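Coordinate analysis (summary)
Each chain, written out:
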Amino acid sequence: MSSCDATALQDLLRSGLDDQVAPALSAWIAVDAQPRAIAAVGDATPDTVFDLASLTKPLVIVTQAMEDVTQGRYGLDDSVLFANGQTRTYRQLLGHRSGLPAWEDLWAVATAALPNWRPGEPDVWRVVEERIAGLLESRVETSTVYSDLGYIQLGRALERTHGKSLRDLYRRFGPVRRAAPTGECPRRRASLQGQVHDLNCWVLGGAAGHAGAFGSASEVGEWALDLLRAANGRSGSLDSGVVRDFWSRENRSAPATWVLGWDTPSPSGSSGGQFMSEEAVGHLGFTGTSVWVDPACGFVAVLLTNRVAGPPGSQDRVRAFRRKFHDEIRAHFDLN
């Protein structure tokens with residue numbers, strides 16, 4: 001990695017710190033499918049671990065599904081069984097086209113059904129799965145609705161397929177040490193650091209299909225780079241055809257931009273900025289995390305922040321900074 005590139009990256013992150021995007025920011029960049037720069041500012045070092053929030057979806061669930069499809073454990077059009085006997089396919093759940101709503105207050109669901117419940121207990125999972133099943137429409141929706149609930153169900157399906165918990169399948173769920181703090185949780189009456197920020201994930205024991213994974217910028221970057229190399233047929237650890245199938249634009253349902261487990265650039269206002277190619281895929285996390293992969297130029301950009309620990313208005317600030325971040329770093333590497 002070049003010290004010049006790292007300096008440029010650090011200067012860009014420092015501008016985000018100055019703009020109060022977050023108290024801690026870290027980033028990792030690859031160009032031409034090779035690592036080029038890593039930097040951190042504020043309350044972070046390059047080794048700081050962040051609550052990845054919804055990056056858990058592609059990092060854990062989607063990657064495991066890619067491996068399973070490669071190994072023939074199931075196909076994308078095979079069914080996932082819900083608690084009430086209804087089914088949806090892996091393809092529908094991965095692509096956010098199951099008919100499930102975006103979110104449900106699982107704290108309230110558990111509290112209404114169970115006295116003195118504890119996070120992650122079997123009875124908590126039972127009432128949550130029953131609630132998710134009850135929210136399914138009588139028909140399959142063809143429209144796309146980004147849904148945490150669908151990925152919670154996918155996580156359970158993977159656990160049953162493998163006979164292991166998500167923690168055993170992927171060991172980067174919290175609690176972890178040296179994590180960037182993510183602010184106060186009123187319901188838990190605690191200041192969070194190394195414990196999952198997402199309250200629904202905490203209700204489910206801290207490891208679920210939609211959230212709960214932690215990682216540093218370099219760990220996320222190396223994972224994304226492996227996918228990129230596989231997609232480009234350059235000896236990644238996954239089957240190149242399967243990765244390309246997941247990223248295929250044929251999986252989009254217009255006007256939505258989602259493929260299988262990944263977003264693609266929107267016509268305007270994309271978090272990846274204005275220069276991502278039509279081949280690019282990305283994903284965001286509520287805590288202020290993101291990853292974008294552009295196979296056209298071998299570009300990977302990981303941006304991790306703890307914007308939820310910052311002052312009010314951080315969601316708008318991080319939204320604007322993400323676009324600036326990707327545009328300016330691509331300009332530095334002459335990728336525009």
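In case you missed it, the structure is sitting above this.
Residues numbered from 1 in each chain as written. Predicted model: local features only at pLDDT ≥ 70, side-chain atom pairs only at ≥ 80, totals over all residues. Heavy atoms only, no water.

1. Things to note about the overall build of the protein
Check the secondary structure of the protein and you find 11 helices and 11 strands. Taken against the 2.2 N^0.38 rule, which gives 20 Å for 336 residues, the C-alpha radius of gyration of the protein at 19 Å falls within 12% of a compact globule. Seen along its three principal axes, the alpha-carbon backbone of the protein occupies a region of about 55 × 45 × 35 Å. Looking at the protein as a whole, 55% of its 336 residues are labelled buried. For the protein, the share of sequence-separated contacts (at least 6 apart) that also reach a separation of at least 24 residues comes to 65%. Surface accessibility of the protein: about 13800 Å² in total, with carbon and sulfur atoms responsible for 46%. (Helix = DSSP H or I, 4+ residues; strand = E, 2+ residues; numbered from the N terminus. Rg over C-alpha atoms; globule rule 2.2 N^0.38 Å. Buried < 20%, exposed > 50% of the residue type's maximum accessible area, 1.4 Å probe, protein only. Contact = heavy atoms within 4.5 Å. Areas by Shrake-Rupley, 256 points an atom, 1.4 Å probe, with all protein chains shown as cover.)

2. Describing the side chain of Lys-57
By the secondary structure assignment, Lys-57 is in helix H2 (residues 56–71). Taking relative accessible area as the criterion, Lys-57 reaches 0% and is therefore assigned buried. Engagement of the side chain of Lys-57 in a polar contact is seen with the side chain of Asp-148, the distance being 2.8 Å. Setting aside residues up to four positions removed in sequence, Lys-57 forms contacts with Val-62, Tyr-146, Ser-147, Asp-148, Tyr-151, Gly-209, His-210 and His-283. (Polar contact = N/O pair within 3.5 Å; in protein donor to acceptor, adjacent residues only side chain to side chain.)

3. Observations concerning unusual backbone geometry
Cis peptide bonds are those with omega within 30 degrees of zero, and the linkage from Gly-174 to Pro-175 qualifies with 5°. Among the secondary structure elements, Pro-175 is positioned in the loop between helix H7 (166–169) and strand S6 (183–185). Positioned with a positive phi, Arg-189 is a non-glycine residue whose angle comes to about 50°. For Arg-189, a relative accessible area of 79% gives the class exposed.

4. Concerning helix H1 (residues 3–18)
Between its terminal C-alpha atoms H1 stretches 22 Å, which fits the 22 Å expected from 16 residues at 1.5 Å a residue. Asp-5, Leu-9, Leu-12, Leu-13, Ser-15 and Gly-16 are the residues of H1 that are buried. Within H1, the buried residues cover an arc of 150° as seen down the axis, which keeps them to one side. In H1, the exposed positions angled more than 90 degrees off the buried face are occupied by Ser-3, Cys-4 and Asp-18. (Expected span 1.5 Å × (residues − 1). Arc of directions from axis to C-beta.)

5. Focus on the layout of surface pockets
Its volume calculated, the largest pocket comes out at about 830 Å³. Around the largest pocket, the lining comprises 37 residues; the ones closest to its centre are Ser-54, Tyr-146, Leu-284, Gly-285 and Phe-286. Contributions of two or more residues to the lining of the largest pocket are made by helix H8 (199–203), strand S9 (281–285) and helix H11 (314–332). Looking at the lining of the largest pocket, the element that brings in the most residues is H11, giving 5 residues. Looking at the lining of the largest pocket, its residues break down into 12 nonpolar, 15 polar and 10 charged. (1 Å grid on protein atoms, 1.4 Å probe; cavity = no way out; pocket = protein on both sides within 12 Å on 5 of 7 lines; lining within 4 Å. Points joined across faces, edges and corners; volume = space filled by probe spheres on them. Nonpolar A, V, L, I, M, F, W, Y, C, P; charged D, E, K, R; others polar.)

6. Description of the packing of aromatic side chains
Applying the stated rule across the entire model yields 9 aromatic pairs. Residues Trp-107 and Trp-117 carry aromatic rings whose centres are separated by 5.5 Å and whose planes lie at 85° to one another, so their mutual orientation is edge-to-face. Of this pair, Trp-107 sits in helix H4 (residues 106–113) while Trp-117 sits in the loop between H4 and helix H5 (122–135), and the two are 10 residues apart along the sequence. Between the aromatic rings of Tyr-146 and Trp-258, the centroid separation amounts to 5.1 Å while the plane-to-plane angle is 35°, which identifies the pairing as tilted. Of this pair, Tyr-146 sits in the loop between H5 and helix H6 (148–162) while Trp-258 sits in the loop between helix H10 (240–247) and S9, placing them 112 residues apart in sequence. (Phe/Tyr/Trp six-rings, centres within 6.5 Å; stacked < 30°, edge-to-face > 60°.)

7. Details of the sheet that holds strand S11 (residues 299–305)
With antiparallel pairing, 5 strands are arranged side by side in an open sheet as S2-S1-S11-S10-S9. Where the open sheet ends on each side, the last strands, each with one partner, are strand S2 (34–42) and S9. With strand direction ignored, the average angle separating the axes of adjacent strands in the sheet is 5°. Judged from the 6 bridges that link them, strand S10 (residues 289–294) and S11 form a sheet pairing that is antiparallel. Bridge pairing links Val-291 to Val-302 in S11. Sheet strands in contact with H1 are strand S1 (24–31), S2 and S11, and its direction is about 35° off that of S2. (Pairing = 2+ DSSP bridges. Axes fitted to C-alpha atoms, helices over the stretch in contact; angles between N-to-C directions.)

8. Some thoughts on the packing of H4 against H5
In contact at an axis separation of 9 Å, H4 and H5 are set at 115° when each is read in the N-to-C sense. In this structure, H4 crosses over H5, and the sense of that crossing is right-handed. Only Val-127, Val-128 and Arg-131 of H5 make contact with H4, whose side of the interface consists of Leu-106, Val-109, Ala-110 and Ala-113. Looking at side-chain class alone, the contact of H4 with H5 contains 6 nonpolar, no polar and 1 charged residues. (Left-handed = near helix turned anticlockwise from the far one by under 90°.)

9. Here we look at the state of the cysteines
A covalent bond between the sulfur atoms of two cysteines is referred to as a disulfide. Enumeration according to the criterion identifies 0 disulfides in this entry. Cysteine Cys-185 is unpaired, with the sulfur of Cys-201 as its nearest cysteine sulfur at 12 Å. Residue Cys-185 is classed as buried on the basis of its relative accessible area of 9%. (Disulfide = S-S within 2.5 Å.)

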